[in-house]
Amino acid sequence: PQAGKRGGRGFRGVVGGYAAELDELLRVIRSSTAHFVRCIKPNVRKAARCFEEPVVMRQLRCGGVLEAVRVFASGFPDRMPIRDFVGTYCSVVAPSKLPPHPPGGPPSQGDAPTAWERGACAAILRAFDVADEATALGHTKVFLGAGVAAHCK
């Protein structure tokens, strides 16, 4: 064996090292739970100790933070995509209580629930004797009042 020869069993090139580090990073990401931090700029000048309420409120409104606080404050601590809710609970409700499927089956529209899924969600909640004021249907999610998720389970 020559002293400067590469390719020995212990040699780890740049690509191999990068691949190992990437694998480790992906393992850590998959094993963790995501948390998000919302950063708010207190003023447009980025000056210290200067708080401009309209600037902050605009960021909170555009970022959906105020809407999220409103939903939680209105008593809907649990939320679930409508499609997931229907998929989970549809099988425990009598088919006669569900709306009829449209001809050809429900069309897929990406993340947005179909009209049938929205109707099925409402029918499932009625079948579980959940009061209308204890739930709210959003564009893509069903919001459940305190104790409703446990009642459904």
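Small disclaimer: the values here were computed from a predicted structure and weren't measured.

Conventions used here
Residues numbered from 1 in each chain as written. Predicted model: local features only at pLDDT ≥ 70, side-chain atom pairs only at ≥ 80, totals over all residues. Heavy atoms only, no water. Helix = DSSP H or I, 4+ residues; strand = E, 2+ residues; numbered from the N terminus. Buried < 20%, exposed > 50% of the residue type's maximum accessible area, 1.4 Å probe, protein only. Contact = heavy atoms within 4.5 Å. Pairing = 2+ DSSP bridges. Axes fitted to C-alpha atoms, helices over the stretch in contact; angles between N-to-C directions. Core = buried A, V, L, I, M, F, W, Y, C linked by side-chain atoms within 4.5 Å. Salt bridge = Lys/Arg side-chain N within 4 Å of Asp/Glu carboxyl O. Phe/Tyr/Trp six-rings, centres within 6.5 Å; stacked < 30°, edge-to-face > 60°.

Chemist: Mind laying out the overall build of the protein chain, listing which residues take part and the relevant values?
Modeler: From N to C terminus, the protein chain includes six helices and three strands. What you see in the protein chain, going N to C, is helices and strands ordered as α-α-α-β-α-α-β-β-α. The buried share among the 153 residues of the protein chain stands at 23%. Across the protein chain, every contact between residues at least 6 apart in sequence was considered, and the portion connecting residues at least 24 apart equals 60%.

Chemist: So what about the sheet that holds strand β2 (residues 135-137)? Which residues, and what values?
Modeler: Here we have three strands laid out as an open sheet, ordered β1-β3-β2, and antiparallel in their pairing. A strand with exactly one partner marks an edge of an open sheet, and here the two such strands are β1 (78-81) and β2. Across the sheet, the mean angle separating the axes of adjacent strands is 15° when strand polarity is ignored. In the packing of helix α4 (residues 82-89) onto the sheet, the strands contacted are β1, β2 and β3 (141-144), and the crossing angle to β1 comes to about 85°.

Chemist: So what's going on with the nonpolar core? Residues and values would help.
Modeler: Ranked by size, the top nonpolar core spans 19 residues in total, and within it Phe85, Ile124 and Leu125 carry the most contacts. Elements with a contribution of two residues or more to this core: α4, α5 (115-127), β3 and α6 (148-152). Per element, the largest residue contribution to this core is six residues, and it comes from α5. If we skip the residues at most four places from it in the chain, leucine 125 touches Phe85, Val130, Thr135, Val142, Leu144 and Cys152.

Chemist: Which residues make up the pattern of salt bridges, and what are the values?
Modeler: Scanning all chains against the criterion turns up three salt bridges. Where glutamate 24 meets arginine 27, a salt bridge forms, and the shortest distance between an N and an O atom there is 2.6 Å. Here glutamate 24 and its partner arginine 27 are both found in helix α1 (residues 14-30), three residues apart, which amounts to about one turn of the helix. Between arginine 45 and glutamate 52 there is a salt bridge, with its nearest N and O atoms 2.7 Å apart. A relative accessible area of 53% means that arginine 45 is categorised as exposed.

Chemist: Lay out the side chain of glutamate 117 with the relevant residues and their values.
Modeler: Topologically, glutamate 117 is positioned in helix α5. On the basis of relative accessibility, which here comes to 11%, the residue glutamate 117 falls in the buried class.

Chemist: Lay out the packing of aromatic side chains in plain terms, naming residues and giving numbers.
Modeler: Applying the stated rule across the entire model yields two aromatic pairs. With 4.9 Å between their ring centres and 55° between their planes, phenylalanine 85 and tyrosine 89 make a pair best called tilted. With phenylalanine 85 and tyrosine 89 both in helix α4 and four residues apart, the pair spans about one turn of that helix. Across the pair, tyrosine 89 and phenylalanine 85 agree in class, each one buried.

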